[in-house]
Amino acid sequence: MEKILLAVHSEKGDYQRQELWDIEKECSIFGVSDLWECPEDAIIGRALHDVDDATNLIKIGLRYASEEYNDIKVIWEDCPEEEDIEEFVEEYIKKWKETHT
């Protein structure tokens, strides 16, 4: 069984962000962005990902395996520059569910 995930790329000027969402559960799994406000403050656990982030991703993978998923399919979408990424994702998931359930 294949788990469907949504990866969204957002670009606003020089700032970029990417988020990975579980479409079925309508929740963000992981996010990453440019360090543009204070890149000199990039420290582990604050602006940089840490071991807790890695272990959370492993736990999610184990949960998917226990739910009998054996593969993933990632849908890549670009968020229009003028839209908020969360609003874009919410609308995308709503439309996706209408056509796939």
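Before reading on, note that the structure itself is shown above.
Residues numbered from 1 in each chain as written. Predicted model: local features only at pLDDT ≥ 70, side-chain atom pairs only at ≥ 80, totals over all residues. Heavy atoms only, no water.

Visitor: I would appreciate a short explanation of the overall build of the protein chain in the present structure.
Guide: What the protein chain contains, in helices and strands, is 2 helices and 4 strands. Listed by position from the N terminus, the elements making up the protein chain come as β-β-β-α-β-α. Expressed as a percentage of its 101 residues, the buried residues of the protein chain come to 25%. Of the contacts formed within the protein chain by residues at least 6 apart in sequence, a portion of 54% connects residues at least 24 apart. When the accessible surface of the protein chain is summed, it comes to about 7100 Å², and 52% of that surface belongs to carbon and sulfur atoms. (Helix = DSSP H or I, 4+ residues; strand = E, 2+ residues; numbered from the N terminus. Buried < 20%, exposed > 50% of the residue type's maximum accessible area, 1.4 Å probe, protein only. Contact = heavy atoms within 4.5 Å. Areas by Shrake-Rupley, 256 points an atom, 1.4 Å probe, with all protein chains shown as cover.)

Visitor: Please clarify how helix H2 (residues 85–100) should be interpreted in this entry.
Guide: For the α-helix, the turn length of 3.6 residues means that residues three or four positions removed from each other point alike. For H2, built from 16 residues, the straight-helix expectation of 22 Å at 1.5 Å per residue is met to within 8% by its first-to-last C-alpha distance of 22 Å. Listed as buried for H2 are Ile85, Phe88, Val89, Tyr92, Ile93 and Trp96. Summarising the axial view, the buried residues of H2 lie within an arc of 125°, below the 170-degree limit, and thus occupy one face. Projecting away from the buried face of H2 at angles above 90 degrees are the exposed residues Glu87, Glu90 and Glu98. Buried positions along H2 lie against strand E1 (2–12), strand E2 (15–22) and strand E4 (71–79). The N-terminus of H2 is capped by Asp84, whose side-chain oxygen sits 3.1 Å from the backbone nitrogen of Glu86. (Expected span 1.5 Å × (residues − 1). Arc of directions from axis to C-beta. Polar contact = N/O pair within 3.5 Å; in protein donor to acceptor, adjacent residues only side chain to side chain.)

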